[in-house]
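Secondary and tertiary structure notes
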Amino acid sequence: MNVMRKVKEQISRRKYLILYLLILPLMLFHSVEAIGQAGSKTIMGKVTDSKSFPLPGVAVFIKGTTMGTTTNVDGIYNLKQIPENSTLVFSFVGMKSEEIKVAGKTTIDVLLENETIGLDEVVAIGYGTQKKKDLTGSIVRMEMGGKEQAANTSLVQALQGYSPGLNASGGSSAGDGGSFSIRGRTSLSASDQPLIVLDGIIYNGSINDLNVNDIQSVDILKDASAAAVYGSRSANGVLVVTSKKGSSGKPKFTFNAYYGVQGLSNTDRTNVMDAEQYAVRLVDYYYQQDLYDWYKTGPTSADGRPVRPDVTDRNLVASYLRTEEEQLNYLAGKEVDWVDEVFQTAPIQSYSLSVSGKTDRTNYYLSTSYLDQEGILLNDNYERLTFSGRFESEITDWLTLGFDPTFSHRDYSGVSASAGYALQASPLGNMYDENGDYPVYIAEESYNYHPLGNLLADDSSPRDYFSLVLKGAIKVPWVKGLKYEANYSKTYDFDKTSRYYPTSMADGSKTDGSGYVDNSNQRTWLLNSLFTYSRTFDDKHKINANFLYSRENVSGDGSYLYAYGFANEILGYNALELGENQEVSTSAYEENTLSYMGRINYSFDSRYLLTATIRRDGFSGFGGNKKFGNFPSVSLGWVISEESFMDNADWMDFLKLRLSYGVNGNQGIGRYASQSKMGSTETVFDGTTAVGLYASSLGNADLGWEKTASFNVGVDFNFFGNRISGSVDAYHAKTTDVLVQRSIPRTTGNSSVWTNIGGIENNGIEVSLVTENIKTHDFKWKTAFAFSLVRNKITKLYDEVTEDLGNSWFVGEPISTIYGYVNDGVWQEEDLFNGTIMEGYYPGQFKVRDLSDDGEITAEEDRKILGTTDPNYRISMNNILTYKNFTFSFFLNSIQGGNNYYLGNNSGAVVAGGTDSAYRLNRTAIRDYWRPDNAVNDAPGIYYNPKKNPGVYQRKSFVRLQDVSLGYTFDNSFLSGLKIDNLKVYVSGKNLYTWTDWSGWDPETGSPMMRSIIGGVNISF
């Protein structure tokens, strides 16, 4: 062993020498002498590692400056003319940096410790914490530092694309928080929304109420073992959000502010017909009908084909237009770009202020923020005001008390202009009528509502959220390692929307004015009672055990008041009683959850790890025979790098193997789905309105939990002095007792009933990789990659059914399967002339593949599975480059299709042809429509009325430049005189460009995507 130790020491020393020789050329130009100052001195010393070996090539410099040197082959350094009040920084690849104040010293020897990147950081695991290196489940930590320097109006936007397995998409309107899921879908009908836990308490509020500036980190619990502590709520994964706390002995004030603009990101969808195209399309609309009449005669050549009218004759073209308004505007050369009218370049501004600190016994964090965002559509408004506090005090050595108050006010008042109406509005219609007001309809077309008409609606939409959390912890004095914690939270959520549609806009003109007031209030209380026992025996055996009792109650009520037919509109929704016709409805609900949980974590010699959990949940929403469910899990970890046979693997800093198996539940079906419910209806008897009741749904006393059993295998690794780190996970999940609405005979009074009979399987791979490409004194470059692939399939439906065509569900196929006709292009005149065209079809119509080869297209015989809307894989790359005080980062996010994955039916965006709609409304100009003289093969003619209409499926694959940021941090030497600890200015962009062949709105969200550019400042003192 002594020989082996000496060999290893020589190898280790040689490794440092090689690193020194590689880094020395990069560091030589940094070795400068400081300009002489009063009170300066010479400092010398030696830098060694934890085994007392000298470290060559260590960067030694004065903090806040570029003045410094590097250690020689013996680990010796020498710095001259060093200011008395300066601080020296010692930095070396793979080692933890050290900062030491000079403070009268002339010799400073330093021992640098190995840097195990992130392995010692504490991760929230649900009802407790654990060091990252001791984890046995699949948990990913996302630090939120720097996220406040982008236009992230919600937590979802801040997390989007950065972690494998977290599928997040940002919102498309002001205040839209976006949506997210973890790993694959595990249900056909129940919610796939992950559970959110905020500072140890299950969070039932809106994710929009969370201020990104207040969040320290987010831990993503992905596998069954990690999420099992939340039992029935965790089948879709868990997001554990940890708020910021005080970190300095004196009060620290932090202010972050940014201002910027938002606009519409690049898209083809806004390409609609201009005035000339719009007018000519009607010429071709009638011309194509003439062609159809000719085609019916069975021609064998183009001889005798009707001649297209001369579209260069403007008077002729104008005669085809349907209204005098359009004809006059066309001849006068006047047109309106309605898309340009409804979209805008809008401002966004955010301000956040916090004060935090701690003493020996008290920790506090108090913050407030204000966000003002206008969407890219006119009158799309959003304001948010938040207050948040975190207070904790150690009353005695054994008693700690705390409370966390939170308040959020969101205001969505205003109804935005309509992008949908803008795409359809006639470019030859007038913006204003003769009175200077918006006309109800454009160009007198009742299908054609004014795109700006929504601006006339009177709308008030505030949302208020209040939460108070009380916390207490007792360290039981007479039992070492035993602690009891109790948390109680109470929340109130108030939503109110009041809206009035006047007769001057479409929605109001049809009803002589209409208005409504929609009130909804929700109250939640939750109690957690937790015992924790944590001890270490013989410095090798570590035990951490938890037992939880939890109760949760959710209740709410609502009212909806609606009226129409107003003789006097002045008071609008403030006087609904003035409407001639009135409707009113009220509602109330309540649900309860009862939970027990036990968990034990065991570690032997930091090498062999075990976690076992059992949770039992009861939920009032399930049937009387299935109120409770049990959810067990177990996981194992093996830190291979700690084994003696790995002693010679100097390149390997850390290697751990993880295995886990567990069962989670899903209760997201609704609080009354198991019960028979009554509905109401109104009818008139003898001139009097009577209210009747009927059975609207059939109950099921055996309705219970969806259960997802999953197996996960993972590897965590750090290599080459922690220059490369990451993890790889593979998982298989099987969901049984899937909630499905099964058809039943209508003689029961209902057509379906909820029951547990379906099955789903999920398989996936996730890869996370972080590389430190360059790390010198002045320049650092770090890259993070994330990759995920998931496959799901239905394993069982109901009864003996293997396919549900109405929902496109097929046993053995993905949940989001596309089922339809195969589009083989467009029938051409040559097909007609040579007799190969299918009977009943004409040139200029989509060619539907005859799968049965019987000469007829039928829904029963000629549809097939075309693919799925699910992505093939997701991949992203984040780069952070730091040069001296500058930091530049850019993030590329991508979702890819291929192999019939990630398809979408884009007919609405690329097909101009139709019947009534093509005659009365403006149409897309992304693709040319078919004509004999423009025989395209990807779009039909403008008059299009086929027997069967296939979809136009396109791949939605994209690569997006999602985040770009450039910041500058001022030197401490400059800030010290201003009594400022930190000052950073930055500019950043979000969703700057998307590369895609998809022709619709944003391929990820299916709606307009906002692009933003902001500039801001972050200051602390």
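These numbers were taken from a predicted model, which means no experiment stands behind them.

**Some details on the overall build of the protein**
Each helix and strand in the protein was counted, giving 13 helices and 49 strands. Projected onto its principal axes, the C-alpha positions of the protein cover 100 × 65 × 65 Å. A buried classification covers 51% of the 1021 residues belonging to the protein. About 45200 Å² of surface is accessible on the protein, with carbon and sulfur atoms providing 53% of the total. Distance from the positive charge centre (94 side chains) to the negative charge centre (118 side chains) of the protein: 12 Å.

**Observations regarding the pairing of strand β33 (residues 706-719)**
The pairing of strand β30 (residues 652-666) with β33 spans 14 bridges and is classified as antiparallel. Along β33, the bridge assignment pairs G665 with K707. A loop of 4 residues connects β33 with strand β34 (residues 724-743), the two strands running antiparallel in sequence, and F720 in this loop sits at a positive phi of about 55 degrees.

**Focus: the pairing of strand β20 (residues 381-394)**
Direction of pairing for strand β19 (residues 362-374) relative to β20: antiparallel, over a ladder of 13 bridges. Following the sheet pairing, T362 is matched in β20 by S393. In terms of strand pairing, β20 meets strand β21 (residues 399-411) through 10 bridges, oriented antiparallel. When the bridges of β21 are listed, L385 appears paired with H409. Count of turn residues in the β20/β21 antiparallel hairpin: 4 residues.

**Section: the domain arrangement of the protein**
Each assigned domain of the protein is listed here: domain 1 (41-111) and domain 2 (122-246). Summarising the inter-unit geometry, the C-alpha centres of domain 1 and domain 2 are found 41 Å apart.

**Overview of the nonpolar core**
Ranked by internal contacts, the top residues of the largest apolar core, which has 44 residues, are M273, Y295, V317, L321, Y330 and I942. When contributions to this core are tallied by element, the ones reaching two or more residues are α4 (275-295), α5 (314-320), α10 (829-833), β41 (846-848) and α11 (907-910). With 12 residues, the single largest contributor to this core is α4. Residues contacting V317, with those up to four places away along its chain left out, are A279, V280, V283, D310, V311 and Y330. M144, L198, V212 and L239 belong to the second largest nonpolar core, which has 25 residues in total.

**Notes on the pattern of salt bridges**
For the coordinates displayed, the defined rule picks out 35 salt bridges. Salt bridges linked by common partners bring D284, R308, R931 and D933 together as one network.

**As for the sheet that holds strand β14 (residues 201-202)**
A sheet is described by the order of its strands in space; here 5 strands give the open sequence β10-β15-β16-β13-β14, paired in mixed fashion. Both edges of this open sheet fall to β10 (139-143) and β14, since each of them pairs with a single strand only. When β10 meets strand β15 (residues 215-221), the two strands line up antiparallel, connected through 5 bridges. By the bridge assignment, M142 is partnered in β15 with V218.

**A short note on α4**
Between its first and last C-alpha atoms α4 spans 30 Å; for 21 residues at 1.5 Å apiece the expected length is 30 Å, and the two agree. With a side-chain oxygen positioned 3.2 Å from the backbone nitrogen of E276, the residue opening α4 is D274.

**Regarding the sheet that holds strand β4 (residues 76-82)**
Strands sit in the order β4-β1-β7 across an open sheet of 3 strands; the sheet is mixed. This sheet does not close on itself; its edge strands, each paired only once, are β4 and β7 (110-111). As paired elements, strand β1 (residues 41-48) and β7 share 2 bridges and run parallel to each other. Paired with V47 across the bridge in β7 is V110.

**Quick look at the environment of A158**
Assignment of secondary structure puts A158 in helix α2 (residues 155-159). The exposure class assigned to A158 is buried, which follows from its relative accessible area of 1%. Setting aside chain neighbours within four positions, we find A158 in contact with M144, K147, N152 and V212.

**So, the side chain of S894**
Mapped onto the elements of the fold, S894 is located in strand β44 (residues 886-896). For S894, the side chain forms a polar contact with the main-chain oxygen of F958, separated by 2.7 Å. Sequence-distant contacts of S894, that is, excluding residues within four places in its chain, are made with R874, I875, F958 and V959.

**Section: a nonpolar patch on the surface**
Residues L610, V634, L636, L659, Y661 and F711 make up a contiguous nonpolar surface patch of roughly 490 Å² in combined accessible area. Counting only elements with at least two residues in the nonpolar patch, the list comes to β29 (628-639) and β30. With respect to the helices and strands, L610 occurs in strand β28 (residues 608-619). The class of L610 is partly exposed, set by a relative accessible area of 31%.

**Remarks on the packing of aromatic side chains**
Across all of its chains, the model carries 40 aromatic pairs by this definition. Seen in terms of ring centroids, F787 and Y873 are 5.7 Å apart; in terms of plane orientation they differ by 35 degrees. Their pairing is tilted. Here the residue F787 occupies a position in strand β36 (residues 779-796), and Y873 occupies one in strand β43 (residues 873-883), the gap between them amounting to 86 residues. Lying over the aromatic face of Y901, R791 brings its terminal NZ or CZ to 4.1 Å of the ring centre. Directly above the aromatic system of Y447 lies the positively charged group of R920, at a separation of 3.7 Å from the ring centroid.

**Concerning the side chain of T153**
Following the sequence through the fold, T153 ends up in the loop between β10 and α2. Sequence-distant contacts of T153, defined by excluding residues within four places in its chain, comprise I348, L371, Q373 and R384.

**Observations regarding helix α6 (residues 324-332)**
If you check which residues of α6 are buried, you get E325, E326, N329 and Y330. Around the axis of α6, the buried residues are gathered within 125 degrees of arc, so they sit on the same side. Along α6, the residues that are exposed and aim more than 90 degrees away from the buried face are E324, L328 and A332. The secondary structure elements touched by the buried residues of α6 are α4 and α5. After α6 finishes, the residue G333 shows a positive phi value of roughly 75 degrees.

Thresholds, definitions, all that
- Sequence order as written defines residue numbering, which begins from 1 separately in each chain.
- This being a predicted model, a pLDDT of at least 70 is required before a residue's local features are given, and a value of 80 or more before pairs of side-chain atoms are given or counted; all residues contribute to the totals for chains, interfaces and linings.
- With hydrogens and water set aside, each side-chain value is computed from the structure's full complement of heavy atoms.
- Labels follow the DSSP assignment, with helices taken as runs of H or I lasting at least four residues and strands as runs of E lasting at least two, numbered in each case from the N terminus.
- For each residue, the accessible area found with a 1.4 Å probe, counting protein chains only, is set against the maximum for its type, and the residue is called buried under 20%, exposed over 50%, and partly exposed in between.
- The accessible surface values rely on the Shrake-Rupley method and a 1.4 Å probe; as for residues, cover is taken only from the protein chains in view.
- Charge assignment: positive for Lys and Arg, negative for Asp and Glu; neither His nor the chain ends contribute.
- Charge coordinates come from a single atom per side chain, which is NZ of Lys, CZ of Arg, CG of Asp or CD of Glu.
- By the convention used here, strands pair only if DSSP detects at least 2 bridges between them.
- Throughout, the edges of the domains are those of an automatic or database domain assignment.
- Put simply, a nonpolar core is a bunch of buried Ala, Val, Leu, Ile, Met, Phe, Trp, Tyr and Cys residues held in one set by side-chain atoms that sit within 4.5 Å of each other.
- It only takes one pair of heavy atoms within 4.5 Å for two residues to be counted as in contact.
- Throughout this description, the term salt bridge denotes a Lys or Arg side-chain nitrogen within 4 Å of a carboxyl oxygen of Asp or Glu.
- Every helix has an expected span of 1.5 Å times one less than the residues it contains.
- What qualifies as a polar contact is a pair of N or O atoms within 3.5 Å, subject to a donor-acceptor requirement within protein and to the restriction that residues adjacent in sequence count only when both atoms come from side chains.
- Residues with no salt bridge and a relative accessible area higher than 30% make up the patches, which join like charges within 9 Å and nonpolar side chains (Val, Leu, Ile, Met, Phe, Trp, Tyr) within 5 Å.
- Pairing of aromatic rings covers Phe, Tyr and Trp, the last through its six-membered ring, and needs centres within 6.5 Å; plane angles under 30 degrees mean stacked, over 60 mean edge-to-face, and all others mean tilted.
- Only when the NZ atom of a Lys or the CZ atom of an Arg is both within 6 Å of the ring centre and within 35 degrees of the ring normal do we say a charge sits over the ring.
- What the arc describes is the spread of directions from the helix axis to the C-beta atoms.

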